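# What the coordinates show
Each chain, written out:
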Amino acid sequence: MMGFQDDRSKRLLITIDGPAGAGKTSVSKRVARHLGYHYMDTGALYRAVGLAADAAGVAADDDAALAALCRRTRIDLQTTESGLRVLLNGKDVTGVIRTPHISMMASAVSARPVVRDFLLNTQRTLGERKGVVAEGRDMGTVVFPHADMKFFLDADPAVRARRRFDELNAGRQGGPSMASVEKEMALRDKNDSSRVLAPLKPAPDAVYIDATHHDLDQVVAEMLMHIRCAT
Ligand code: DC
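Residues numbered from 1 in each chain as written. Predicted model: local features only at pLDDT ≥ 70, side-chain atom pairs only at ≥ 80, totals over all residues. Heavy atoms only, no water.

Let us look at empty space enclosed by the protein. One pass over the structure, following the stated rule, counts one cavity of 30 Å³ or more. By volume, the largest cavity is sized at about 30 Å³. Taken together, the elements giving at least two residues each to the lining of the largest cavity come down to β2 (38-41) and β3 (75-80). Here the lining of the largest cavity gets three residues from one element, more than from any other, and that element is β3. (1 Å grid on protein atoms, 1.4 Å probe; cavity = no way out; pocket = protein on both sides within 12 Å on 5 of 7 lines; lining within 4 Å. Points joined across faces, edges and corners; volume = space filled by probe spheres on them. Helix = DSSP H or I, 4+ residues; strand = E, 2+ residues; numbered from the N terminus.)

Quick look at the structure:
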């Protein structure tokens, strides 16, 4: 069921940026579902490149090899009944791109201009559909500077690490320790915000939401309230 009738006619492009573990994925999916929009997970695109590099033995700082890899790589996002599927050269890699190792690979390759250029076109093509919620690090700043509505979702590092720990350990034994999740997240935060190209930062016209003390429902409600005002 749609939330507001006029959303259908306007079909906005909405961006949600923020650091790892802030809740972007859950929030973006919920907002997209509520509005009947497409959900676009751009982190999954970087993860797919990270996986391809890892599988091919390409070092994350070897630009020539990364360029060659990108030329022979095709990545697609498919919306299905069971959620968003990520296809790497036609193969479904949705599950295997979520490991801590591939998170680090994704963060490392995402600092390379050759990879960002490669994925820029893919993202802009996907964004042309309108009626899109695009989640990432540079959606509002670089990829879609003219988006209709921009959000930056943040939370305290300790809260983000706890959420990511719970996610990675949900229903299974032998997941990563809290200490290793905290370490990985701190390193990724540093990589993603300090890189020269498209660093993680709020767009000047983004609505900043601090989710430290807010649950999913509260954040989604706040975003929908802003979206309603923009339509
Ligand atoms: O959102 P995520 O954790 O799945 O993203 C994985 C990595 O990809 C993240 O550490 C940085 C990179 N990334 C990026 O540089 N730009 C984006 N728009 C999305 C993700």
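Moving on, we get to the site of the ligand. Neighbouring the ligand are 16 residues; R47, R116, R137, R188 and D192 lie closest to it. Contact distances for the ligand include 2.6 Å between an oxygen atom and a side-chain N or O atom of R47. S110 places a side-chain nitrogen or oxygen 3.3 Å from an oxygen atom of the ligand. For the ligand, the protein covers 98% of the area, taking 450 Å² as the surface of the free molecule. Contributing elements (two or more residues each) for the shell around the ligand: α3 (42-56), α5 (100-109) and α9 (178-194). Here the residues of the shell around the ligand are counted per class, giving three nonpolar, five polar and eight charged. (Near = heavy atom within 4 Å. Polar contact = N/O pair within 3.5 Å; in protein donor to acceptor, adjacent residues only side chain to side chain. Areas by Shrake-Rupley, 256 points an atom, 1.4 Å probe, with all protein chains shown as cover. Nonpolar A, V, L, I, M, F, W, Y, C, P; charged D, E, K, R; others polar.)

Below, the discussion takes up the sheet that holds strand β5 (residues 91-92). Ordered by their spatial adjacency, three strands build an open sheet running β3-β4-β5, and the pairing between neighbours is antiparallel. Strands with a single pairing partner mark the edges of an open sheet, and in this sheet they are β3 and β5. (Pairing = 2+ DSSP bridges.)

Moving on: the confidence of the model for the protein. Chain-level pLDDT for the protein is 92 on average; 96% of the residues reach the 70-or-more range. Within the model, pLDDT remains below 50 along residues 1-7, and this stretch shows 14 contacts once partners closer than five positions in the same chain are excluded. (pLDDT = per-residue confidence, 0-100. Contact = heavy atoms within 4.5 Å.)

Let us now look at the pattern of salt bridges. Tallied over the entire structure, the rule returns 13 salt bridges. Of the charged contacts in the structure, one is a salt bridge between E184 and R188, with a shortest N-O distance of 3.1 Å. On the criterion of helical spacing, the pair formed by E184 and R188 is a turn pair, its members being four residues apart in helix α9. Exposure remark for E184: the relative accessible area of 14% places this residue in the buried category. Across the salt bridge formed by R195 and D192, the nearest N and O atoms sit 3.8 Å from each other. (Salt bridge = Lys/Arg side-chain N within 4 Å of Asp/Glu carboxyl O. Buried < 20%, exposed > 50% of the residue type's maximum accessible area, 1.4 Å probe, protein only.)

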